[in-house]
Amino acid sequence: MRARKTNTEVRQEQIAQAALGVVERHGLRGLNVARVAKAVGVVPSGLYRHYPGKDGVLDTVLDLIAERMESNVVQARANGDRALDRLHGLLTRHVELIRRNSAIPRVVFSEELLHGRPAQRRRMYEIIRGYLRRVEQVIRDGQREGNIREDVDPEAASVLFLGLIQPGVVLWAMSGGEFDIAAHAEAGWRLFVKAVG
C-alpha cells in the first residue's frame, strides 16, 4: 500500500502539474517561475522558496513524468495473466498518459532539453532507460512463460515496444491531435505480437 503524501509532496505535484500546463501553452522556453506561480495561485517568491529557478521547476516536472511512467509499469505488471497482456496494458496506459498530458512530448523532444540543459537531458535519458529496463523485464517474464520467443533480444524488443509509441506521438503533436495515436499504437501492437510471439 502506498504511503499517504505529505503536504509538501502534494504541493510539489501541483507545481509540477502547473508547470506542465505552462509548457503545454508556451513550450519549454516559456517555462518560468512567474508563470508557474500564477498557475498554482501563489506569488513567485512563494515558489522561489522551494525552487531557485527554472531548472528546479523542470526537475520537478521530470520527477512527475518519471513517477507517472513508473506507475503505469506497476499497474500494467499487476494486471494480465500473460506478459503480452501486461505489455498491451502498458502500451494503452502510455498512450493515455500522453493524450492527457500533451506537454510531456514538448518536454522530451524540446530543443532546449536536448541541447541546452545537460543535467535535465541526462535525467530524461535515465528515466527512459529505466522504463526500457522495466519493459525488458516483462519481456523476459514472457520468455519464461513461453508466450514470447526465447530468441527475442529483450533489450531490442523493449526499444521496439517504445517505437510503437514515439513516432505516433510526434505525428499526433504535429497534427494538433488529429492523428489517431491510439489506433496507430493498436495497429503497431499487432505487428509487435507477430514479431515477438
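What you see is a predicted model, and the numbers here were worked out from it, not measured in a lab.

Draft legend 1. Main features of the packing of aromatic side chains. This structure, assessed with the given rule, holds 2 aromatic pairs. Centre to centre, the rings of Phe 161 and Phe 192 are 5.9 Å apart; their planes meet at 65°, and the pair counts as edge-to-face. Within this pair, whereas Phe 161 is found in helix 9 (residues 154–163), its partner Phe 192 is found in helix 11 (residues 181–196), the two being separated by 31 residues in sequence. Since its relative accessible area comes to 0%, Phe 161 is described here as buried. On the accessibility criterion, Phe 192 (1% relative accessible area) is buried. Ring geometry for Trp 189 and Phe 192: centres 5.5 Å apart, planes at 25°, overall stacked. With Trp 189 and Phe 192 both in helix 11 and 3 residues apart, this pair spans about one turn of that helix. There is no split in this pair, since Trp 189 and Phe 192 are both buried.

Draft legend 2. Structural context of the pattern of salt bridges. Under the defined criterion, the tally for this structure stands at 14 salt bridges. A salt bridge links Arg 86 to Glu 145; its shortest N-O distance comes to 2.5 Å. Pair noted here: Arg 86 is in helix 5 (residues 83–100) and Glu 145 is in helix 8 (residues 118–145), with a separation of 59 residues, a long-range link. Its salt-bridge partner being Arg 129, residue Glu 155 comes within 3.5 Å of it at the nearest N-O pair. With Glu 155 in helix 9 and Arg 129 in helix 8, the pair connects residues that are 26 residues apart, well separated along the chain. What emerges from the salt-bridge pattern is a single network uniting Lys 54, Asp 55, Glu 112 and Arg 117.

Draft legend 3. Quick peek at a nonpolar patch on the surface. Nonpolar side chains collect at one region of the surface, where Phe 109, Val 170 and Met 174 lie side by side and expose about 310 Å² of accessible area between them. Looking at where Val 170 falls in the secondary structure, it is placed in helix 10 (residues 166–174). Residue Val 170 is classed as partly exposed on the basis of its relative accessible area, which comes to 33%.

Draft legend 4. Molecular detail of the environment of Ala 83. Following the sequence through the fold, Ala 83 ends up in helix 5. If we skip the residues at most four places from it in the chain, Ala 83 touches Val 138, Asp 141, Gly 142, Glu 145, Asn 147 and Ile 148.

Draft legend 5. Expanded view of the side chain of Glu 136. Mapping Glu 136 onto the fold places it in helix 8. You can call Glu 136 buried: its relative accessible area is 9%. Filtering out sequence-adjacent residues up to four positions away, Glu 136 remains in contact with Pro 154, Glu 155 and Ser 158.

The rules we used
- Residues numbered from 1 in each chain as written.
- Predicted model: local features only at pLDDT ≥ 70, side-chain atom pairs only at ≥ 80, totals over all residues.
- Heavy atoms only, no water.
- Phe/Tyr/Trp six-rings, centres within 6.5 Å; stacked < 30°, edge-to-face > 60°.
- Helix = DSSP H or I, 4+ residues; strand = E, 2+ residues; numbered from the N terminus.
- Buried < 20%, exposed > 50% of the residue type's maximum accessible area, 1.4 Å probe, protein only.
- Salt bridge = Lys/Arg side-chain N within 4 Å of Asp/Glu carboxyl O.
- Patch = residues over 30% accessible without salt bridge, like charges linked within 9 Å, V, L, I, M, F, W, Y side chains within 5 Å.
- Areas by Shrake-Rupley, 256 points an atom, 1.4 Å probe, with all protein chains shown as cover.
- Contact = heavy atoms within 4.5 Å.

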